[in-house]
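Commentary on secondary and tertiary structure
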Amino acid sequence: MSVFLELGQRPEEPGPPINGPVSYSDDVVARLTADAELIISRYPQARSALLPLLHLVQSEDGCLTPAGITFCAKQLGLTDAEVTAVATFYSMYRRTPTGEYLVGVCTNTLCAVMGGDAILEALQEHLGVHAGETTPDGRVTLEHIECNAACDYAPVVMVNWEFFDNQTTSSARDLVDALRDGQPPEPTRGTPLCTFRETARTLAGLPDPRSGGNNVGDATLAGLRVARERGMQAPDADASAASTETLDDETAGVEATRNASAPGPSATVPPKSETVETDPDTTDSRA
């Protein structure tokens, strides 16, 4: 019996891994090169700047394109294939055109239990798009996202990676309506919203034009409040160093054992032909 096994991208993924324009105009190349030089200068090895450079070209096109891939490759002395291999690994690099606001609904375990799946379903119906698609006006791209480490505020919706906590189907609909009306609300935490392309420039390490925000959620501070109520605090740095010196001799033997090679087989292990009793109350034995 023969079995047909189809390899390649998933059926729902549109087209080749990276689509779009294959080259930039001279003025765009000049502008991006100036930004790229600033980014690359921060790294001892140029190729270490690949991830922020991918955000840079994503800020130009709203997603990754062959032109962006080639630009990064030339800046870092890499091949297009090497850059593409990295770009297609991380979900924050978009492969399809993205709206002004990337609305992500967390559907991981806790958010799903608290209503994340219902929120995603409600937004798909409300916006008339499926996850991964953009509204006809180009304002909102909807997607489901993995855990963003905000489980204490579940269910969470993120807009261009800024948090909107404790959402309901109703509040999520109001949120996307405000985005489409050009009146983006303040995130629950973090800085004020900007467009997806502006966010990509910030993630590339370029100056952030936004100010204000930086609110800290109440649940995040719960542990700090308890520590203060009980008079708990981190140990003094000098005391910690002295304590470490005291423990050095005590732990030396443990560390030596931990780093030693595993012992070889013991000569006292009984051969397979012998029977070893495993439970005195039963007649079961093993060879």
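Okay, so let's go over this structure. From a predicted model like this one, the values you see are computed outputs, not experimental measurements. (Residues numbered from 1 in each chain as written. Predicted model: local features only at pLDDT ≥ 70, side-chain atom pairs only at ≥ 80, totals over all residues. Heavy atoms only, no water.)

1. What about the overall build of the protein?
Operational definition: Secondary structure elements are defined from DSSP: runs of H or I of at least 4 residues count as helices, runs of E of at least 2 residues count as strands, and each element is numbered from the N terminus. With a 1.4 Å probe rolled over the protein chains alone, any residue whose accessible area is under 20% of its type maximum counts as buried; one over 50% counts as exposed, and the rest are partly exposed. We get accessible surface area from the Shrake-Rupley algorithm with a probe of 1.4 Å; when it comes to residues, only the shown protein chains can shield them.
Of regular secondary structure, the protein possesses 10 helices and six strands. Here the protein holds 287 residues, and the buried ones make up 33% of them. As presented, the protein carries roughly 17700 Å² of accessible surface, and 53% of it is formed by carbon and sulfur atoms.

2. Observations concerning the packing of aromatic side chains
How two aromatic rings sit relative to each other is given by the distance of their centres and the angle of their planes. Counted only if it meets this: Any two of the Phe, Tyr and Trp rings considered here, Trp counted by its six-membered ring, make a pair once their centres fall within 6.5 Å; the pair's planes then place it as stacked at under 30 degrees, edge-to-face at over 60, or tilted in between.
Per the stated rule, a full pass over the model turns up two aromatic pairs. Taken together, a centroid distance of 4.9 Å and an interplanar angle of 85° make the contact between Phe 89 and Tyr 90 edge-to-face. For Tyr 90, a relative accessible area of 38% translates into the label partly exposed. Summarising the aromatic geometry, the rings of Tyr 90 and Tyr 93 are spaced 6.2 Å apart at their centres and angled 85° between planes, so their arrangement reads as edge-to-face. Of the residues examined, Tyr 93 reaches a relative accessible area of 5% and is grouped as buried. Grouped by ring-pair contacts, the aromatic residues Phe 89, Tyr 90 and Tyr 93 constitute a single cluster.

3. Let's talk about a nonpolar patch on the surface
Applied cut-off: Here the term patch refers to residues with relative accessible area over 30% and no salt bridge, with like charges joined within 9 Å and nonpolar side chains (Val, Leu, Ile, Met, Phe, Trp, Tyr) within 5 Å. Each reported salt bridge corresponds to a side-chain nitrogen of Lys or Arg within 4 Å of a carboxyl oxygen of Asp or Glu.
A cluster of nonpolar residues, Leu 51, Phe 89 and Tyr 90, forms a patch on the protein surface that exposes about 320 Å² of accessible area. Among the secondary structure elements, Leu 51 is positioned in helix H2 (residues 50-61).

4. Brief notes about helix H6 (residues 116-127)
Convention followed: Each helix should span, by expectation, one fewer than its residue count multiplied by 1.5 Å. Contacts are assigned to residue pairs with any non-hydrogen atoms lying within 4.5 Å of each other.
Counted at 1.5 Å a residue, the expected span for H6 with its 12 residues is 16 Å, and the 16 Å between its end C-alpha atoms agrees. Looking at the buried residues of H6, the elements they touch are strand S1 (101-106), helix H5 (109-113), strand S2 (140-145), strand S3 (157-159) and helix H7 (169-180). Phi turns positive one or two residues past the end of H6, at Gly 128, with a value near 75°.

5. Concerning the sheet that holds S3
Definition in use: Paired strands, in this sense, are two strands between which DSSP finds at least two bridges. Here, axes are lines fitted to C-alpha atoms. For helices the fit covers the stretch in contact, and angles between N-to-C directions go from 0 to 180 degrees.
What the four strands build is an open sheet, ordered S2-S1-S3-S4; its pairing is mixed. The open sheet has two free edges, formed respectively by S2 and strand S4 (162-164), since each of these has just one partner strand. Here the strands of the sheet are splayed against their neighbours by 25° on average, with no regard to which way each runs. Bridging between S1 and S2 involves six bridges; their strand directions are parallel. The residue of S2 that forms the bridge with Gly 104 is Glu 143.

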